[in-house]
Amino acid sequence: MAKPVLEKEGKTVFLLGNEAIARGAIEGGIGFASAYPGTPSTEIIETLAAVAREVGFYVEWSTNEKVALEAAYGAAMSGVRSITAMKHVGVNVAADPLMSSAYTGVKGGFVIVSADDPGMWSSQNEQDNRYYGLHAFIPVFEAYNPNEAKETVRMLFEFSERFEHPVIFRSTTRLSHSRGPVKLGKIPERKTRGTFEKKPDRWTLIPAYSRKLRRKLVEKWENIRRELEEWPFNKFYDYGSKYTIIASGLAYGYVMDALEELNLREKVNILKINTPVPLPHGVVLKALERSEKILVVEELEPIVETEVKKLAFEKGVDLEIHGKDLVPQVGELDLNRVIKAVASFMNIDYKPPEPVTNIDVEIPPRPPTFCPGCPHRATFYILKKAANKLRLKPVYSGDIGCYSLGVLPPFEEQDIIVEMGGSIGVANGLAHTIDQPLIAIIGDSTFFHAGIPGLINAVYNNAPMLVLVLDNRITAMTGHQPHPGTGLRATGEKTIMIDPEKIARAVGVEYTKTVDPYNVDEAQKVLEEALKYVVERKKPALVVMKRACSLLIYREALRRGIENPYYRVIEDKCTACGVCYDFFGCPSIIPKPDGKAYIDPVTCTGCGVCAKVCPFNAIVPGKPASEEWNKLWF
Amino acid sequence: MVLEVRDMRTVNIVIVGVGGQGLITIGRILGNAAVLRNIGVLVSEVHGLAQRGGSVIVHARIGDPHSPLVPLGGAHALLGLELAETIRYLPYVNKNTLLIVNRRFIRPSVPKARMPPVEDTINKLRGKGLKVIDINAFDLASRAGSPVAENIVMLGGLVATNILEGMLSLDDFREAIKNTFPPRWHEVNLRALQYGYNAVKEKLSDK
């Protein structure tokens, strides 16, 4: 079975949007790819990493988005086609080199994929990164389905090379994580080695050169805008109506289906726009001149709408233009919202099919939760016990990762979650302004991503805090990508394993320890000692809670046919107190109708932490761990 | 457009359950089957944080869809791998929607969560006038050789209804399963598909 993403030219395969983007990059002749994982962008580089050796190009997971963008930018300076991919908020981290890349331009085609998350399915905000294009003078391309995404990305390398300019491909959750048929094209030969030509007036942004480049950039921008008049995925469907709907990117699909639903297909003109920034003026003007009423349908911010209104004003075209007055600005678009907007725009009555609701069954909420055996659950439990024992009420400065779930009951040990690395960063301020003890909680991958400068600052400016590195040996939340602490690279090669504790030592943290959260008693002792150190000595301390992600190990065991160990409940000793399932909250522990606990032997990973939690010693090993099972942990 | 655009209605299916139950795999097989028959298809799912044991919905639209999401009240079929999630996603259902549900609750690990009784819940759904076909997919999957194949049993159940009639047949799904899984998983999954198919056919002939 060939990997679908490497199937032959001419074949149609069913691909995830992100796989389609990866195939587009392969067909576009990339020689270099780099990224930091982040939902909904992760599978782009993951897909490329899985086929890099076979096809012959370089792929890396970089330490963060800034480094990833810089690395791909560097490769493109040497004439090698390159791609970098990140989630929308990752672009904030990479914004510095992004802005500069428009000034210097590139030699090899350079595609920056921004995967935005309208609806905030897995993010802290829903910023619209088409604004980055306007801000940085980098053209932004969109697509409405996986096939178009593949084609667009393929063509972007040539486009970028022609203008010697970076380009942004903007995806969203509903494109990146939708699957559809994709017709495959040719996989070409590629260039993986380039040359760097020294040209200080191009590659060094000292003020004297930057001033010249800035002038050129504004000129180039208008050339790019003109070129986009010809972009094949922008299209005006003129049905002779007085009404025109302008749809940007994914919105085109919703508009088409909404018109179908309203029996209005081919009765309203449609201007399909995949190049919102810079918006080509010619195609828009043509649509404006044919219409009396315009509706702009786009997800999130009114970027196309603003430009259309500006253009109408400048050209003195007198017509009615609607957009965010009818299409919601908050949250992702869906068919219901677009049908409602179109019906209102067309002044027609539409009654949607009536959903069935108000059924008399009460169901509990189901937020995402720590997996069975998750070392984070153990850490939060131990941390709570340690703080209680010392009678401390710490402020828990949290971060981005699976452990963000510690915000929810029963733990509630994430008081602040703002952005990657923010746990230590924000604690640097609080340390000088509040009296409670501070605990900054950060994952291993997040520590390497953006935690280290904050840690150095805490030492430099002496900000007392306990930094807990929750080291589960992988970037877990995005689906298990390796990072600098794992000793593995994106394409599977072994490499140096970087130890967070050694980094802390090297930058001058005097109290450092590494402990296994499955080892409940010892871990609690260490946390108590570390907390006392921070409170009494008023200095930063760092403890690494080191234990691999249990989901990773469990899946690996399944794959290799290794049986999992499990714990069991002694019926007679269990008093149905509920501590294990209500306050420890492991999904493998289920209350029976009589309230006594039952441990599901299929999903239990045998971590044994619940045995420590049970006040009546009713939980004991059921099946011991095999040697093969123990060997899986690293 | 690459695909030949067929003049047929688009069938909307929502697949709901708990993260880890294999909902995304159902969507992949549906899509692979449609692509085999050169029928338009879009499947939408959510990755990342939502997958950690959380509530999951996968939208599958087969026929001639341009956009990936099933509208509220717009599902032709709801495939419910878990009963609480079936209840949660009822806003996608209208009175004509066919519900194929797994007779099973999975308790979320939130403090004090208690689940209602299975039979009572299914009766209440029927009490609303909904067409409900209930099967015990977990047991059927175990009999087929692996409880993990619960999702494929449910897919077999969907195929046994008339929802995809004239579009996709049981054989198309057999082929799609072979295209989706590595060979060592074919036997169990083909058996699971058949068990689910038979169970629902039986229920339908009872009525």
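To be clear, the structure that these remarks concern was listed above.
The following refers to the structure shown. Throughout, residues of each chain are indexed from 1 in the direction in which the sequence is written. Chain A is the first chain written and ligand 1 is the first ligand written, with later ones labelled in order. In keeping with the predicted nature of the model, local features appear solely for residues at pLDDT of at least 70, side-chain atom pairs appear and are counted solely at 80 or more, and the whole-chain, interface and lining totals rest on all residues. The side-chain numbers reported here are obtained from all heavy atoms of the structure, hydrogens and water having been left aside.

**Quick word on the overall build of chain A**
In plain terms, the rule: Secondary structure elements are defined from DSSP: runs of H or I of at least 4 residues count as helices, runs of E of at least 2 residues count as strands, and each element is numbered from the N terminus. Radius of gyration here is computed from C-alpha atoms only, and the compact-globule reference equals 2.2 Å multiplied by the residue count raised to the power 0.38. Each residue gets one of three labels from its accessible area relative to the maximum for its type: buried under 20%, exposed over 50%, partly exposed in between, using a 1.4 Å probe on protein chains only. Residues are treated as being in contact if the distance between any of their heavy atoms lies within 4.5 Å.
Scanning chain A from terminus to terminus reveals 23 helices and 22 strands. Its C-alpha atoms give chain A a radius of gyration of 27 Å, within 12% of the compact-globule value 26 Å for 634 residues. Taken along its principal axes, the extent of the C-alpha atoms in chain A is 80 × 70 × 55 Å. Burial analysis of chain A (634 residues in total) assigns 60% to the buried set. The contacts in chain A between residues at least 6 apart in sequence include a share of 79% that link residues at least 24 apart.

**What to know about the interface of chain A and chain B**
The condition that has to hold: As a working definition, buried area equals the accessible area (1.4 Å probe) given up by two parts on being put together, with both sides summed. Salt bridge, as applied in this entry: a Lys or Arg side-chain nitrogen positioned within 4 Å of an Asp or Glu carboxyl oxygen. Polar contact is defined as a pair of N or O atoms within 3.5 Å, subject to the rule that within protein one atom must be able to donate a hydrogen and the other to accept it, and that residues adjacent in sequence are counted only when both atoms are side-chain atoms.
Residue-level contacts link 65 residues of chain A with 66 residues of chain B. Contact between chain A and chain B buries roughly 5600 Å² in total, counting both sides, with carbon and sulfur atoms accounting for 63%. For the interface between chain A and chain B, the tally reads eight salt bridges. With a shortest N-O distance of 3.8 Å, K112(B) and D582(A) are connected by a salt bridge. Counting across the interface, chain A meets chain B through 18 residue pairs in polar contact (both at pLDDT 80 or more).

**Considerations on the environment of F159(A)**
Residue and element names in this part refer to chain A. Secondary-structure assignment places F159 in helix α7 (residues 146-163). Classification of F159 as buried rests on a relative accessible area of 2%. Put simply, F159 and F110 are 49 residues apart on the chain and 9.3 Å apart in space, counted from C-alpha to C-alpha. When near neighbours in sequence (up to four residues on either side) are disregarded, F159 contacts P139, F141, V167, I224, E227, L228 and W231.

**Some remarks on the pairing of strand β12 (residues 293-297) of chain A**
Residues and elements named next belong to chain A. Here is the rule we go by: One bridge is not enough; two strands pair if DSSP finds at least two bridges between them. The crossover handedness rule: strands pointing away from the viewer, path from first strand over the helix to second strand clockwise, crossover right-handed.
Of all five residues making up β12, five are buried, and the element is well covered by its neighbours. Side chains K293, L295 and V297 of β12 all project onto a buried face; the interleaved residues I294 and V296 project onto the opposite face, where all are buried too. Here strand β10 (residues 243-248) pairs with β12 via five bridges, running parallel. Residue pairing for β12: I246 is matched across the bridge by V296. Taken together, the three bridges between β12 and strand β13 (residues 320-322) define a ladder with parallel strand orientation. Within β13, the residue paired with K293 across the bridge is E320. The parallel pair β12 and β13 is bridged by helix α13 (residues 303-315), and the resulting crossover is right-handed.

**Remarks on the packing of aromatic side chains**
Residues and elements named next belong to chain A. Put simply, the rule reads: Within 6.5 Å between ring centres, the rings of Phe, Tyr and Trp (the latter by its six-membered ring) count as paired, and their orientation is classed by plane angle as stacked under 30 degrees, edge-to-face over 60, tilted in between. A ring is considered to have a charge above it if a Lys NZ or an Arg CZ atom is located within 6 Å of its centre and within 35 degrees of its normal.
Taken as a whole and judged by the stated rule, the model has 21 aromatic pairs over all chains. Ring geometry for Y511 and Y533: centres 5.2 Å apart, planes at 35°, overall tilted. With Y511 in strand β17 (residues 511-515) and Y533 in helix α19 (residues 520-537), the pair connects residues that are 22 residues apart, well separated along the chain. Pair check on accessibility: Y511 and Y533 agree, each one buried. The ring of W633 carries the charged tip of R547 above its face, separated from the ring centre by 4.8 Å.

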